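Examining the three-dimensional arrangement
Residue strings, one per chain:
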Amino acid sequence: MKRIYFFLCLFLLVATLRLQAQRASDREAQADSILSLMTLEEKIGQLNMLTGNWEATGPVLNDRNKADKLKNGEIGSMLNVKGSIHTREMQTLALGSRLGIPLLFGQDVIHGYKTIFPIPLALAASFDAEVMALAARVSAREAAVSGIHWVFSPMLDVSRDPRWGRVMEGPGEDPYLASVMAASMTRSYQHPFEDGLKVMACAKHFAAYGGAIGGRDYNTADLSLQTLHNIYLPPFRAAARHGIATFMCSFNEINGVPASANPYLYELLYKDWNYQGFVVSDWGSIREMVVHGYSKDRKQAAEQSVHAGLTIDMESNCYAEYLPELVTEGKVAESIIDRAVRQVLLQKIDLKLFEDPFRYCNEDRENNELLSAANRSAARSVAARSIILLKNENALLPVKDTPRTVAVIGPLADSRRDMDGNWVMLSNDPIAVTLLEAVRSNYPHSRIVFEKGCDITGEDCSGFDQATAAAREADLVLLALGEAWDMSGEARSKGDISLPGVQQQLATEIYKANPRTITLLMGGRPMIFEEIAREAPAILYTWWLGTEAGNAIMDVVRGEVNPSARVPMSFPRHLGQIPVYYNHKNTGRPPQESPGNYSGRYIDISHKPRYPFGYGLSYTRFHYSDITVSTQAGNLRVTLKLENTGEEDGSELVQVYLQKLWGETTRPVRELKQFRQVYLARGEEQTFHLDIPYSDLAYYGNNGWMDGSGEYKIYLGRNANDMIYEQQLHIP
């Protein structure tokens, strides 16, 4: 019987592999058949991406000939065309071309389409692959039923500088966390839905965009190969391994060569990683190589980019204008064009657009699914699990009893548009639930008093008296402070990331008036708020949480959800510390706090962050015990017992760090190598293990890739600075 079962399984496996091979062969034959019918101009058209000219994410180009270009097959993809009606209109024009090749529609679906989820940095704070996947899944579905085939997400730019505005879009400072996010979101975005719809995801920005000098957007990234490979590339490699359909190049240059035509990057991508998808430029990045001083003119820029391996030109028009004559002049072989076009056609075949170009355009389906109750419920759950508890003196949180009077204070307490944050495409009519609305719905029988107190910016303190009076009379104060939605995002780098305006002064007055004050800090980056960190009784960092922001905040305030998120990017105490990050090198003279020593310290401020990577509190307590570390065949195993010794159910983020003690290249003082969110009911205990494959210890050293064998310290920590266990070991 066992033999029969074995041969049956073998037969099914062989049959499946043959079917997959046949399908691959069929799609390639179809692409080659279409390619053989195309003129050079039609081929180049497939590599040309233009905007729909409204609500654009970059500068709008008014091109009156766009309809004619579509009819002539001179455009292969478009962005900023949203909704079934509009995508159908554009698709109809494209199908009127000689070969009727359908368009791809792409969109910056960064943290939601219509139902808005927390900003990606907040998703990273969840340290939970399931949370990240749920946000991506709902976003993918809403985009797909709105006629969108291609989402320009996930943004995988590791960054160590919170002044950079685009930290809000990314995974924070750690390459391992970023890689987990890359894998989770790639799979969730791209997995087909039951009705066959699916979207392409896009790993951006390739590469090292987050390494911009001074945290200034679009700036040069000047870094070593070790830093490039060990810090900035791991999440992109993870995305490639999990089959992401597309990459987007970055604006910046790396070591003197813009990413739009950097041969090192594309050789790495296509040859070393064996990547099978294609690469799109960022908005206008090909033509910007002239401004960089790398290309003589736009014609040379087109030549350099297509030779390097960049497939689609987004909004530069360099390919459309110059590739025909470059081919005629023999400077670009038509075979290079063919290879790029084939990559685009294969994706259109995979989306089944040649079978039915309008299969994504169904208005009834779109109207029924956007912002559905299920989607809003998912957004609320994800938002609550992205909130970080930074401080909780005297167990002020959670608020179990219903207060008679609640004072809701602050410039962000009833600011609907700000709740979505930046990078949302459909916020002309903001619908997010504000804190004030959620307080009123949660406490229908309480007296709710709202006072703004001050604006987000400016020096006007005239509202302080009313705010402090309201606080003084309340049983509970909820103080909502932070940045405006447009203070982070692309081209939103800031030289000063301190809490703006007079908000910290307002906070000080409120704390004097009422010690039962819960401070809610909202924004798109780690901010500096030293006075609040010292004076506030309780602090929740709530980022920008999206459509269900207010409800999610109140779920945490009332204890319906026990906060489990952690800091994904170190919070500095002072501007002078930046960049400050946990996985730094030791140097020969590590910083010492004591005065008068010759070490790598500041003489006027601490070198330590206010909140280190991985930091976060809970409403309950956890006890670690029975910790053992063993080396197995191919992996390192950490076994431990975790017990919830507090009074609330909750999740603990178990964090495992490694330090390579010595070798042919120095390594960071600690590197996160494994983590897990473990949920335990109060009084519950659980024994489990975490495995670290030896392959995850490989690193790029002075002589290229090293296997990671050697002498190590392994740490179990509550965060990157608070270690509860360490052991030295040898890894063969």
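Per chain, residues are indexed from 1 in the order of the written sequence. Reporting of local features is limited, given that this is a predicted model, to residues whose pLDDT is at least 70; pairs of side-chain atoms are given and counted only at 80 or more, and all residues count toward the totals for whole chains, interfaces and linings. Side-chain metrics in this entry use all non-hydrogen atoms of the structure; hydrogen atoms and water are not considered.

Quick look at the layout of surface pockets now. Buried and open spaces are told apart on a 1 Å grid over the protein atoms alone, a cavity being a set of points where a 1.4 Å probe fits but cannot get out and a pocket being an open set with protein on both sides within 12 Å along at least five of seven lines. Residues with an atom within 4 Å of a point are the lining residues. Grid points are joined across faces, edges and corners, and a volume is the space filled by probe spheres set on the points. Counted as a void, the largest pocket has a volume near 1,300 Å³. Lining of the largest pocket is provided by 43 residues; of these, Arg27, Gln276, Leu346, Gln347 and Asp350 occupy positions nearest its centre. If you list the elements that add at least two residues to the lining of the largest pocket, you get α1 (2-37), α10 (263-272), α12 (298-308) and α14 (334-350). Think of it this way: any DSSP run of H or I at least four residues long counts as a helix, any run of E at least two long counts as a strand, and we number them from the N terminus. Counting residues per element, the lining of the largest pocket draws most heavily on α14, at nine residues. Gly counts as polar in this scheme, as do all residues outside two lists: the nonpolar Ala, Val, Leu, Ile, Met, Phe, Trp, Tyr, Cys and Pro, and the charged Asp, Glu, Lys and Arg. Residue composition of the lining of the largest pocket, grouped by class: 20 nonpolar, eleven polar and twelve charged. One number sums up the size of the second largest pocket: a volume of about 1,100 Å³. Residue lining of the second largest pocket: 47 residues in total, with Asn230, Pro234, Lys673, Asp696 and Ala698 positioned closest to the centre. Within the residue set of the lining of the second largest pocket, elements represented by two or more residues are α7 (175-190), α8 (225-232), α9 (234-241), α10, β19 (650-660), β20 (671-680) and β22 (699-701). Examining the composition of the lining of the second largest pocket, we find that seven residues originate from one element, α7, more than from any other. Residues that form the lining of the second largest pocket fall into these classes: 23 nonpolar, eleven polar and 13 charged.

Below, the discussion takes up the sheet that holds strand β2 (residues 77-79). Remark on secondary structure: sheet strands pair via backbone hydrogen bonds, oriented parallel or antiparallel. Pairing between two strands is assigned when DSSP locates at least 2 bridges connecting them. As summarised here, the arrangement of the five strands in space is β4-β3-β2-β1-β10, forming an open sheet in which the pairing is parallel. A strand with exactly one partner marks an edge of an open sheet, and here the two such strands are β4 (150-151) and β10 (313-314).

For Asp157, the location among the structural elements is in the loop between β4 and α7. Classification of residues uses two cut-offs on accessible area relative to the type maximum, computed with a 1.4 Å probe and protein chains only: under 20% is buried, over 50% is exposed, and between them is partly exposed. Within this scheme the basic residues Lys and Arg register as positive and the acidic residues Asp and Glu register as negative, but His and the chain ends are omitted. Just to be clear on terms, a salt bridge is a Lys or Arg side-chain nitrogen sitting within 4 Å of an Asp or Glu carboxyl oxygen. Buried and unpaired, Asp157 has no salt bridge, with Arg166 as the nearest side chain of opposite charge at 6.2 Å. A distance of 2.7 Å separates polar atoms of two side chains, one belonging to Asp157 and the other to His205. Counting of polar contacts relies on pairs of N or O atoms within 3.5 Å, with two restrictions inside protein: one atom must be capable of donating a hydrogen and the other of accepting it, and residues adjacent in sequence are counted only when both atoms are side-chain atoms.

On to the pattern of salt bridges. Across all of its chains, the model carries 38 salt bridges by this definition. Salt-bridge contacts for Asp555 lead to Arg380; the nearest nitrogen and oxygen are separated by 2.8 Å. With Asp555 in helix α22 (residues 549-557) and Arg380 in helix α16 (residues 373-384), this residue pair connects regions lying 175 residues apart in the sequence. For Arg380, a relative accessible area of 30% corresponds to the partly exposed category. A network of salt bridges, in which partner residues are shared, links Arg141, Asp195, Arg365 and Glu369.

Rolled over the atoms, a probe sized like a water molecule indicates the empty space that remains. Going through the model one piece at a time under the given rule, you end up with three cavities of 30 Å³ or more. Approximately 90 Å³ is the volume attributed to the largest cavity. Looking at the largest cavity, the residues that line it are Met38, Glu42, Gln46, Leu70, Gly73, Ile75, Ala94, Ser97, Leu99, Ile101 and Leu103. Its residues placed into classes, the lining of the largest cavity shows seven nonpolar, three polar and one charged. Put simply, the second largest cavity is a space of about 60 Å³.

Don't take any of this as a statement about function, it's just geometry.
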